[in-house]
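Chain by chain, the residues run as shown.
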Amino acid sequence: MASLSSLTPPTVPVELYVTNREKLLSSLRHHLSQSSRPIHGIVFLQGGEEKNRYDTDHTELFRQESFFAYLFGVREPGFYGAIDIATGKSVLFAPRLPAEYAVWLGEIKPLSYFKERYMVSSVFYSDEITTVLHDEYQGSGKPLLFLLHGVNTDSDLFSKPAEFQGIDKFDTDLTTLHPVLTECRVTKSDLELSLIQFANGISSEAHVEVMRKVRVGMYEYQLESMFLHHTYMYGGCRHCSYTCICATGENSGVLHYGHAAAPNDRTLEDGDLALLDMGAEYNFYGSDITCSYPVNGKFSSDQALIYNAVLEAHNAVISTMKPGVSWVDMHKLAEKVILESLKRGSILVGNVDDMMVERLGAVFMPHGLGHLLGIDTHDPGGYPKGLERPKEPGLRSLRTARELQEGMVITVEPGCYFIDALLVPAMGSSNTTKFFNHEAVSRFKGFGGVRIESDVLVMDTGCKNMTKVPREISEIEAVMAGAPWPLDKASTGKG
Ligand code: GLY
Ligand code: MN
Ligand code: MN
């Protein structure tokens, strides 16, 4: 069968997890010595559990808990993992499966299988945790377990520290591990980058497939389906990084469209803009890509105005990104470029610096410019201890306010939306009403919005866009009309 993809799913190097564990060990040892604490104890994590729906035959497709995936790469549910801080030895504890597992779910793998597959020092059963960790322990008194407990600054949820029978036979530390491990995940190794790049490559291809096949009269979910098919069929991506947002027409102004109550089920109409935010996950590592374009293949002048405003912001940010640059400044840069374009397009009037003072950018782009990306779509580490979340509208939505660092992967996702819930109060407010050309804004009733989202790696002196999709209007229109992607010389007219 001819493949519609130029990519082959890469073999996942197990060394990736060995490298991640080594990174944690060296950070943790450094942290302990800085605080004059002994370099001993055991990092101890519990992996995720499979979930069954009550009283049915349906098991939700299991996806490993992200911190556990980071350190061990284990795809099976019900595991625990330990890393001895002094020796660096790593141990997995597998669930002892009942004999009937072999009848319904396949061969019960020997422990040696997991030892080899995940390149750990040893593997035992989870009912042996207490004995094994006590036997291995070199120090005096109760062994000390470093458990994972801390808040995710995006979701405000706490990671659950490991629980097992016999935990009372250990001393536990609940505060040290989470910030150190979270910080490890902020910058990516080359092995991690190869997976993020693959997820980006296959998702970029899938976006192009959808762009080629979209037609007026289709349902939004058909676009979702085409994306999922491509990334699974040719990329082996069984999971997405997040639920697909296939928003057309007015829905493109609903930032998190596609959820259960708005399930990508509208029919595409001539003149609609589509905002498609879809990204596949490959072996835990994700992508997060948004393309916006008219479903009929031709941008109207208003669509082009808003699209180019957002594209200019996207490009301005990417050409400024490098280590040391503040992400808050990048958000403001994007806002400013968008406001200037809206002013040039006679949608706004007045001084753009005055608009910035009034935080007008947040009316059109209420979300943050972008977020760290890795094993989680919104990867943790955006607000390490001591870094305050900004309080102003728009800026407070930023999922990080850090300075960029080499090795970070961060999304650049400016947007411009016409959301009544924000526009109506701003147009009525005595501080901001003067900035609006009210008649021009009324043309955009029901317009929805545009978002352009790429995944960008921060490098030593600049950055690299890992996402490869048509972005210029001429490129999008050419691909929608049947041109190959990347465009060849004939399609660009450059000879
Ligand atoms: N797809 C979710 C986001 O862009 O953050
Ligand atoms: Mn994103
Ligand atoms: Mn997205």
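To be clear, the structure that these remarks concern was listed above.
As a starting point, this report considers the structure included with it. Bear in mind the structure is a predicted one, so any value in this text is a computation, not a measurement.

The strand order across the open sheet built from three strands is 12-15-16, with neighbouring strands paired in antiparallel fashion. A single partner strand is all that each edge strand has here, and the edge strands are strand 12 (409–412) and strand 16 (463–465). This sheet shows a mean twist of 30 degrees between the axes of neighbouring strands, independent of strand direction. With four bridges joining them, strand 12 and strand 15 (residues 454–458) adopt antiparallel strand pairing. Of the residues in strand 15, the one forming a bridge with Val409 is Leu457.

Quick look at the coordination of the manganese ion (ligand 3) now. At the metal site, the manganese ion (ligand 3) is ligated by Asp277 (OD), Asp277 (OD), Asp288 (OD) and Glu453 (OE), and these contacts range over 2.1 to 2.3 Å. If you look at the manganese ion (ligand 3), its six donor atoms make angles of 57 to 172 degrees with each other, and the shape they trace is irregular. Written as a sequence motif, the donor arrangement for the manganese ion (ligand 3) is D-x10-D-x164-E. A separation of 3.3 Å is found between the manganese ion (ligand 3) and the manganese ion (ligand 2), both of which receive a donor from Asp288.

This brings us to helix 5 (residues 129–136). Among the residues of helix 5, Ile129, Thr130, Val132 and Leu133 are the ones counted as buried. The inward-facing, buried residues of helix 5 abut strand 1 (42–46), strand 2 (80–84), strand 3 (90–94), strand 4 (122–125) and strand 5 (144–147).

Glancing now at the side chain of Glu413. Here Glu413 shows up in the loop between strand 12 and strand 13 (415–417). Using a relative accessible area of 8% as the deciding quantity, one classes Glu413 as buried.

Within the first shell, the manganese ion (ligand 2) binds the protein through Asp288 (OD), His371 (NE2), Glu413 (OE) and Glu453 (OE), at distances of 2.0 to 2.2 Å. Motif for the manganese ion (ligand 2), donor spacing along one chain: D-x82-H-x41-E-x39-E.

Before going further, it helps to spend a moment on the site of ligand 1. Around ligand 1, a shell composed of Tyr242, Asp277, Asp288, His371, His378, Glu413 and Glu453 is seen. Note that a nitrogen atom of ligand 1 is positioned 3.1 Å from one of the side-chain N or O atoms of Asp277. Glu413 places a side-chain nitrogen or oxygen 3.0 Å from an oxygen atom of ligand 1. Computed on the free molecule, ligand 1 has an accessible area of 190 Å², of which 89% lies beneath the protein chains in the complex.

Further remarks concern the state of the cysteines. One pass over the full model with this rule turns up zero disulfides. Cysteine Cys291 remains unbridged, with the sulfur of Cys246 as its closest cysteine sulfur at 11 Å. Of all cysteine sulfurs in the structure, the one in Cys291 sits closest to Cys416, which takes part in no disulfide; the separation is 17 Å. Judged by its relative accessible area of 0%, Cys416 falls in the buried class.

Moving on, we get to the packing of aromatic side chains. Counted according to the given criterion, the structure contains 17 aromatic pairs. Pairing Phe79 with Phe114 gives two aromatic rings, centres 5.1 Å apart and planes at 70 degrees, and the pair type is edge-to-face. Of this pair, Phe79 sits in the loop between helix 2 (66–72) and strand 2 while Phe114 sits in helix 4 (residues 111–118), placing them 35 residues apart in sequence. Each member of the pair, Phe79 as well as Phe114, carries the same accessibility label: buried. Its end group placed over the ring of Tyr113, Lys109 keeps NZ or CZ at 4.9 Å from the ring centre.

This brings us to the nonpolar core. With 78 residues, the main nonpolar core has Tyr293, Met321, Trp327 and Phe364 as its most contacted residues. When sequence neighbours within four positions are dropped, the list of residues in contact with Trp327 reads Val317, Met321, Leu369, Gly370, Leu398, Thr400, Arg402, Leu404, Ile410, Thr411 and Val412. Counting residues in each nonpolar core, the second largest holds 49 residues, with Leu32, Leu71, Val123 and Ile375 among its members.

In this section: the sheet that holds strand 9 (residues 273–278). One open sheet holds the three strands; their spatial order is 8-9-11, and the pairing between them is antiparallel. Only two strands of the sheet have a single neighbouring strand rather than two, namely strand 8 (245–248) and strand 11 (289–294). Put simply, the sheet's adjacent strands are angled 10 degrees from each other on average, direction ignored. As paired strands, strand 9 and strand 11 are joined by six bridges and run antiparallel to one another. Note that in strand 11 the partner of Met278 across the bridge is Ile289. Packing of helix 7 (residues 190–213) onto the sheet brings it into contact with strand 9 and strand 11, and relative to strand 11 it is tilted by some 15 degrees. Contacts between helix 8 (residues 220–235) and the sheet are confined to strand 8 and strand 9, with strand 8 contributing the most and set at about 145 degrees to the helix.

Cut-offs used in this document
Residues numbered from 1 in each chain as written. Chains lettered and ligands numbered in written order. Predicted model: local features only at pLDDT ≥ 70, side-chain atom pairs only at ≥ 80, totals over all residues. Heavy atoms only, no water. Pairing = 2+ DSSP bridges. Helix = DSSP H or I, 4+ residues; strand = E, 2+ residues; numbered from the N terminus. Axes fitted to C-alpha atoms, helices over the stretch in contact; angles between N-to-C directions. Donors = N, O, S within 2.8 Å, 3.2 Å for Na, K, Ca; no water. Tetrahedral: all angles 85-135°; square planar, octahedral: opposite > 155°, others 65-115°. Buried < 20%, exposed > 50% of the residue type's maximum accessible area, 1.4 Å probe, protein only. Contact = heavy atoms within 4.5 Å. Near = heavy atom within 4 Å. Polar contact = N/O pair within 3.5 Å; in protein donor to acceptor, adjacent residues only side chain to side chain. Areas by Shrake-Rupley, 256 points an atom, 1.4 Å probe, with all protein chains shown as cover. Disulfide = S-S within 2.5 Å. Phe/Tyr/Trp six-rings, centres within 6.5 Å; stacked < 30°, edge-to-face > 60°. Lys NZ or Arg CZ within 6 Å of the ring centre and 35° of its normal. Core = buried A, V, L, I, M, F, W, Y, C linked by side-chain atoms within 4.5 Å.

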